[in-house]
Amino acid sequence: MTTFDLEKELSAWRRSLQVNSAFLKEDIEELEAHQRDHVEAHVAQGVPVEEAYRRALKRIGSYNTVETEYRKV
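Heads up: these notes are all about the structure in this document. This structure is a prediction, so every number in the text was calculated from the model and none was measured.

**Structural notes on helix α2 (residues 25-44)**
Next up, step 1: With 20 residues, α2 extends 28 Å from end C-alpha to end C-alpha; this agrees with the ideal 28 Å at 1.5 Å per step.
Next up, step 2: Of all the residues in α2, the buried ones are Asp27, Ile28, Leu31, Glu32, Gln35, Val39 and His42. Along the axis of α2, the buried positions cluster into a sector of 130 degrees, meaning they face one direction only. Set apart from the buried face of α2 by more than 90 degrees, the exposed residues are Glu26, Glu40 and Ala44.
Next up, step 3: At the exit of α2 stands glycine 46, carrying a positive phi of roughly 95 degrees.

This is the structure in C-alpha cells:
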C-alpha cells in the first residue's frame with residue numbers, strides 16, 4: 001500500500017486543468033487555494049488527508065463542471 005501524497009495529487013489535478021486554455025494561471029492558483037483550504041478544514045475535523053482531499057474534489061465538482069462554471073465568468 002502506498003502512502004497518500006497530497007502534493008503529488010494536487011500537482012496532477014493542477015496539470016489536468018493546465019491543459020485547457022479556458023483556465024488562466026491565476027484561475028488555477030485560486031482553485032488550488034480553495035482545494036487546500038477545504039482539505040485543511042476537513043483535516044482539522046479529524047478526517048484523514050486522503051479522504052479530505054477526495055471530499056474537496058467532490059465539492060468543487062468534476063472537470064467539466066469547473067470548466068462550465070469558469071466559462072460563465
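**Here we look at helix α3 (residues 49-60)**
Next up, step 1: Compared with an ideal rise of 1.5 Å per residue, which puts 12 residues at 16 Å, α3 spans 17 Å between its outermost C-alpha atoms and is within 8% of the ideal.
Next up, step 2: Buried residues in α3 make contact with α1 (6-18) and α2.
Next up, step 3: The first or second residue beyond α3 is glycine 61, which carries a positive phi of 100 degrees.

**Quick word on the side chain of histidine 42**
Next up, step 1: When you line up the elements, histidine 42 lands in helix α2.
Next up, step 2: Residue class for histidine 42 comes out buried when judged on its relative accessible area of 19%.
Next up, step 3: Beyond its immediate chain neighbours, meaning those up to four positions away, histidine 42 contacts Val47, Ala52 and Arg55.

**Some details on the pattern of salt bridges**
Next up, step 1: Evaluated as defined, the whole model comprises six salt bridges.
Next up, step 2: Glutamate 32 is the salt-bridge partner of arginine 14, the closest N and O atoms lying 2.8 Å from each other. Residue arginine 14 is located in helix α1, and its partner glutamate 32 is located in helix α2; the two are separated by 18 residues in the primary sequence.
Next up, step 3: When its relative accessible area of 23% is taken as the criterion, arginine 14 is described as partly exposed.
Next up, step 4: Between arginine 36 and glutamate 32 there is a salt bridge, and its shortest N-O distance comes to 2.9 Å. In this pair, arginine 36 and glutamate 32 both sit in helix α2, four residues apart, roughly one turn of the helix.
Next up, step 5: Residue arginine 36 is classed as partly exposed on the basis of its relative accessible area of 29%.
Next up, step 6: Residues joined by salt bridges that share partners form a network here, namely Glu7, Arg14, Glu32 and Arg36.

Here is what the cut-offs are and how they apply
Residues numbered from 1 in each chain as written. Predicted model: local features only at pLDDT ≥ 70, side-chain atom pairs only at ≥ 80, totals over all residues. Heavy atoms only, no water. Helix = DSSP H or I, 4+ residues; strand = E, 2+ residues; numbered from the N terminus. Expected span 1.5 Å × (residues − 1). Buried < 20%, exposed > 50% of the residue type's maximum accessible area, 1.4 Å probe, protein only. Arc of directions from axis to C-beta. Contact = heavy atoms within 4.5 Å. Salt bridge = Lys/Arg side-chain N within 4 Å of Asp/Glu carboxyl O.

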